[in-house]
Amino acid sequence: MNFDDIVLKYLSKFRSQAVMQESTQLLLNRDSICRLYNVWSTLPAGKPRTSLDPLQFGSRLLPHLALLKATSDDYRYELVGQRIGELSRSLKPGSTAGGKYQPAACRSNMFRLMRSVADSRKPAAQTAAFEGTNGIPRRCFSMVLPLSMDGMVVNDLLLGLWPVPNPAEYSLNIQVEPVPSVPDLVEELDHSHTA
């Protein structure tokens with residue numbers, strides 16, 4: 001076995017451990033992730049924001065949530081849970097997702113995720129980097145759910161955000177990893193909980 005083979009084998013093992021750590025972190029938050037999706041899915045047709053009841057989410061989930069209002073070309077954070085505020089310095093009440101004055105190529109991954117939810121009117125999730133309060137990128141799992149759907153327009157969004165391990169190998173280049181199907185993810189997390 002030459003040096004390149006040893007390095008590749010080590011990196012492969014390290015990557016699989018990183019994926020396992022991330023999966024473990026999702027499993028740690030599975031109750032919150034499933035609860036968020038399940039509360040949203042039981043809202044009446046059009047998913048009115050006024051139907052949200054903080055008691056349905058529970059005290060463990062509320063710090064991980066944010067409510068956003070759609071503006072003409074952006075999303076404004078209106079309510080931001082304490083944990084979200086600790087994870088990223090840009091996610092503060094009154095701030096925007098940053099799409100308004102930037103060309104499409106420069107918009108954040110979060111803004112693109114929000115736009116895809118508004119356009120599709122379906123929940124979406126991803127693991128991506130957020131600029132932490134110390135300026136260092138931090139890996140987080142985010143789920144965005146559409147609210148207040150009036151015709152083809154989504155007027156509000158509900159965001160859930162949880163930190164995931166950031167292996168040293170990925171600290172400088174954190175890849176965006178979209179979730180193909182939020183309902184399938186929730187079903188899988190629910191299944192792993194009962195197994």
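Because the structure is predicted, anything quoted here is derived from the model rather than measured.

**Quick look at the overall build of the protein**
Broken down by element type, the protein carries six helices and six strands. Secondary structure of the protein in N-to-C order comes out as α-α-α-β-β-α-α-β-β-β-β-α. Per-residue burial for the protein yields a buried fraction of 39% across its 195 residues. Put simply, 58% of the contacts in the protein that link residues at least 6 apart link residues at least 24 apart. Just so you have it, the protein exposes about 10700 Å², and 56% of that area is on carbon and sulfur atoms.

**Regarding the packing of aromatic side chains**
All told, the structure shown has three aromatic pairs when counted by the stated rule. With 5.7 Å between their ring centres and 40° between their planes, Tyr37 and Trp40 make a pair best called tilted. With Tyr37 and Trp40 both in helix H2 (residues 30-41), this residue pair falls three residues apart, about one helical turn. The buried category is assigned to Tyr37, whose relative accessible area is 14%.

**Focus on the pairing of strand S5 (residues 153-163)**
Most of S5 sits out of view: nine of its 11 residues are buried. Both strand S1 (residues 65-70) and S5 contribute to a ladder of five bridges, which runs antiparallel. Residue pairing across strands places Leu68 opposite Leu157, the latter belonging to S5. Pairing geometry for strand S4 (residues 137-150) and S5, over 10 bridges, is antiparallel. Note that in S5 the partner of Val144 across the bridge is Leu159. Linking S4 back to S5 in an antiparallel pair, the connection comprises two residues, with Gly151 at a positive phi of about 65°.

**A look at the pairing of S1**
As judged from the five bridges shared by S1 and strand S2 (residues 75-80), these two strands associate in the antiparallel manner. Its bridge partner being in S2, Leu68 is matched across the sheet by Tyr77. Once S1 ends, the chain turns through four residues before running back antiparallel as S2.

**A short note on the environment of Asp53**
For Asp53, the position within the fold is in the loop between H2 and helix H3 (54-57). By relative accessible area, Asp53 is classed as partly exposed at 32%. Separated by 14 residues in sequence, Asp53 and Val39 place their C-alpha atoms 9.1 Å apart.

**So, the sheet that holds S2**
Here we have six strands laid out as an open sheet, ordered S2-S1-S5-S4-S3-S6, and antiparallel in their pairing. Looking along the sheet, the strands with just one partner apiece sit at the ends: S2 and strand S6 (177-178). Relative to S4, strand S3 (residues 124-131) is paired through eight bridges, and the arrangement is antiparallel. Bridge pairing links Ala128 to Cys140 in S4. On top of the sheet, H2 reaches S1, S4 and S5; it is set at about 10° to S4, its chief contact. Across the face of the sheet, helix H5 (residues 109-120) comes into contact with S1, S2, S3, S4 and S5 while running at roughly 160° to S3.

**Here we look at the nonpolar core**
In this structure, Leu36, Phe57, Phe141, Met143 and Leu158 are the most contacted members of the largest nonpolar core, which totals 24 residues. If you list the elements that add at least two residues to this core, you get H2, S1, S4, S5 and helix H6 (182-194). Looking at which element gives the most residues to this core, the answer is H2, with six residues. One finds Met110, Ala124, Met149 and Val154 within the second-largest nonpolar core, a separate group that totals 23 residues.

The rules behind these values
Residues numbered from 1 in each chain as written. Predicted model: local features only at pLDDT ≥ 70, side-chain atom pairs only at ≥ 80, totals over all residues. Heavy atoms only, no water. Helix = DSSP H or I, 4+ residues; strand = E, 2+ residues; numbered from the N terminus. Buried < 20%, exposed > 50% of the residue type's maximum accessible area, 1.4 Å probe, protein only. Contact = heavy atoms within 4.5 Å. Areas by Shrake-Rupley, 256 points an atom, 1.4 Å probe, with all protein chains shown as cover. Phe/Tyr/Trp six-rings, centres within 6.5 Å; stacked < 30°, edge-to-face > 60°. Pairing = 2+ DSSP bridges. Axes fitted to C-alpha atoms, helices over the stretch in contact; angles between N-to-C directions. Core = buried A, V, L, I, M, F, W, Y, C linked by side-chain atoms within 4.5 Å.

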